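Chain residues, written in single-letter form:
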Amino acid sequence: MDRKTKRLLLLVASCSAAGVILGGTASWAQSNHCLQAKTVTDECLTQDPVFKTLQGMSSGLIAGAGAAIGAAWQLKRED
């Protein structure tokens, strides 16, 4: 593996990890906020907070990887 490929993989991995952390945290906070509201909706009661957090983490993973690939592509186009 050459140096540029390693840097690209490191960029994608780090952005994906950041996306997983941010997406999971945001989804968990939203679930807690929903359950602590004055009027709790049926949707809030039927959603599993762990499943909702996993959905947020997977969305963050995809968003982070997409952002890293987009940034790398933009840098490559500028060269």
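Here, the structure is the one placed above.
Residues numbered from 1 in each chain as written. Predicted model: local features only at pLDDT ≥ 70, side-chain atom pairs only at ≥ 80, totals over all residues. Heavy atoms only, no water.

What about the state of the cysteines?
Moving on, step 1. Enumeration over the complete set of coordinates arrives at one disulfide.
Moving on, step 2. Shown here is the disulfide that connects C34 with C44, its sulfur atoms set 2.1 Å apart. Residue C34 is located in helix α1 (residues 3-35), and its partner C44 is located in helix α2 (residues 42-46); the two are separated by ten residues in the primary sequence.
Moving on, step 3. Residue C34 is classed as partly exposed on the basis of its relative accessible area of 25%.
Moving on, step 4. Since its relative accessible area comes to 4%, C44 is described here as buried. (Disulfide = S-S within 2.5 Å. Helix = DSSP H or I, 4+ residues; strand = E, 2+ residues; numbered from the N terminus. Buried < 20%, exposed > 50% of the residue type's maximum accessible area, 1.4 Å probe, protein only.)

Quick look at a positive patch on the surface
Moving on, step 1. Where like charges cluster on the molecular surface, the positive patch consists of R3, K4, R7 and K76.
Moving on, step 2. For the positive patch, the element with the highest residue contribution is α1, accounting for three residues.
Moving on, step 3. Classification of R7 by relative accessible area gives exposed; the value is 54%. (Patch = residues over 30% accessible without salt bridge, like charges linked within 9 Å, V, L, I, M, F, W, Y side chains within 5 Å. Areas by Shrake-Rupley, 256 points an atom, 1.4 Å probe, with all protein chains shown as cover. Salt bridge = Lys/Arg side-chain N within 4 Å of Asp/Glu carboxyl O. Lys, Arg positive; Asp, Glu negative; His and termini not counted. Charge placed at Lys NZ, Arg CZ, Asp CG, Glu CD.)

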